[in-house]
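What the coordinates show
Listed here are the chains, written in short residue letters.
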Amino acid sequence: MASPICVYGNPVLREKSEPVKEVTAEIRALADRMLGIMYSQEGIGLAAEQIGHTEAIFVLDVPVSADKNDQGLPNNPGVKMPQTFINPEIIGESEETAVAEEGCLSFPKLYVPVERPAEVVLRFLDRDGNTQVLNARGLLARAIQHELDHLDGVLLVDHMTPAMKLKNALRLRGIKKWYKSRGY
Ligand code: NI
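Since we're looking at a predicted model, the values are computed, not measured.

Pairing of strand β6 (residues 119-125) with strand β7 (residues 131-137), which is carried by seven bridges, proceeds in the antiparallel orientation. Within β7, the position partnered with V121 by the bridge is N135. The loop that links β6 with its antiparallel partner β7 comprises five residues; one of these, G129, has a positive phi angle of about 85°.

Take a look at the structure:
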């Protein structure tokens, strides 16, 4: 199946998301569609912009098996997955940072080391419209920050140093060409 995901070059990825005024059945349907598309592309997270929407929504399904600490214990025990995050906002973050490679469905086959706070506290609305607060570390904290970037129109390429961009210039140009040829 051809990827239904908007890729680098598509201007929608640079848009800033709009807060959701009310969590309606339509919003829940959009979140379900996002989850389905995310699974079809074997992603662990997806922001609304990546399917051409500007609502402030992202979805995540970070597997526990991929999110363990040095002792092999889950970083975020008890956090249910998948989850829908509506109007998400970071209300706290650690001074300690971590660096790890990130990929993005909008940048096929590109991996970029990104330094981010190791822990974050996220406030958001769940799919029932209830306010939730989530403390996250490890891969979940990273995924949250990556998807929040999308909602601000910030992309993986913005985390690349000039040297990294030069090294990956062909790949970046290739993705933009792909966008131009298929139109999304
Ligand atoms: Ni992404």
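On to the pattern of salt bridges, then. On inspection of all chains with the given rule, the structure shows eight salt bridges. The residue R127 makes a salt bridge to D32 at a minimum N-O spacing of 2.9 Å. With a gap of 95 residues between them, R127 in the loop between β6 and β7 and D32 in helix α1 (residues 25-40) connect regions that are remote in the sequence. The class for R127 is partly exposed, based on a relative accessible area of 28%. A salt bridge links R142 to E102; the shortest N-O distance between them is 2.7 Å.

Within the secondary structure layout, Q50 lies in the loop between β1 (45-47) and β2 (57-60). Taking the C-alpha atoms as reference points, Q50 and K16, separated by 34 residues in sequence, lie 12 Å from one another. The contact partners of Q50, leaving out residues within four places of it in the chain, are P4, I5, C6, L13, G45, C104, L105, S106, E147 and H150. Engagement of the side chain of Q50 in a polar contact is seen with the side chain of S106, the distance being 3.0 Å.

Glancing now at helix α2 (residues 138-151). It helps to recall that an α-helix has 3.6 residues per turn; residues three or four apart then point in one direction. The first and last C-alpha atoms of α2 sit 21 Å apart over 14 residues, in line with the 20 Å expected at 1.5 Å per residue. Burial analysis of α2 places 12 of its 14 residues in the buried class, the great majority of the element. Turning to α2, its buried residues number three or more, namely L140, A141, R142, A143, I144, Q145, H146, E147, L148, D149, H150 and L151. Immediately downstream of α2, the backbone of G153 shows phi near 75°, a positive value.

Surrounding the nickel ion are the protein donor atoms C104 (SG), H146 (NE2) and H150 (NE2), which sit 2.1 to 2.2 Å from the metal. Coordination of the nickel ion draws on donor residues from a single chain, spaced C-x41-H-x3-H in sequence. With H146 and H150 both in helix α2 and four residues apart, the pair spans about one turn of that helix. Here the two residues H146 and H150 agree in accessibility, since each one is buried.

Take the layout of surface pockets next. Gaps left between atoms show up when a probe the size of a water molecule is rolled over them. If you add up the space inside the largest pocket, you get close to 550 Å³. Looking at the largest pocket, it is lined by 25 residues, and the ones nearest its centre are G43, G103, C104, L105 and Y111. With five residues, the top contributor of residues to the lining of the largest pocket is α2. Residue composition of the lining of the largest pocket, grouped by class: 12 nonpolar, seven polar and six charged. Put simply, the second largest pocket is a space of about 350 Å³. Along the walls of the second largest pocket sit 20 residues, with N75, A98, R137, G138 and L139 positioned nearest its centre. Take the lining of the second largest pocket: its biggest share by element is five residues, from α2. Tallied by class, the residues present in the lining of the second largest pocket amount to eight nonpolar, four polar and eight charged.

We now examine unusual backbone geometry. In the segment running from M81 into P82, the intervening peptide bond is cis, with an omega of -5°. Take P82: it is sitting in the loop between β2 and β3 (83-93). The residue E42 is not glycine, and still its phi comes out positive at about 55°. One can find E42 in the loop between α1 and β1. One non-glycine residue, K109, adopts positive backbone phi at about 65°. Along the polypeptide, K109 turns up in the loop between β4 (97-102) and β5 (112-117).

What counts, and at which threshold
- Residues numbered from 1 in each chain as written.
- Predicted model: local features only at pLDDT ≥ 70, side-chain atom pairs only at ≥ 80, totals over all residues.
- Heavy atoms only, no water.
- Pairing = 2+ DSSP bridges.
- Helix = DSSP H or I, 4+ residues; strand = E, 2+ residues; numbered from the N terminus.
- Salt bridge = Lys/Arg side-chain N within 4 Å of Asp/Glu carboxyl O.
- Buried < 20%, exposed > 50% of the residue type's maximum accessible area, 1.4 Å probe, protein only.
- Contact = heavy atoms within 4.5 Å.
- Polar contact = N/O pair within 3.5 Å; in protein donor to acceptor, adjacent residues only side chain to side chain.
- Expected span 1.5 Å × (residues − 1).
- Donors = N, O, S within 2.8 Å, 3.2 Å for Na, K, Ca; no water.
- 1 Å grid on protein atoms, 1.4 Å probe; cavity = no way out; pocket = protein on both sides within 12 Å on 5 of 7 lines; lining within 4 Å.
- Points joined across faces, edges and corners; volume = space filled by probe spheres on them.
- Nonpolar A, V, L, I, M, F, W, Y, C, P; charged D, E, K, R; others polar.

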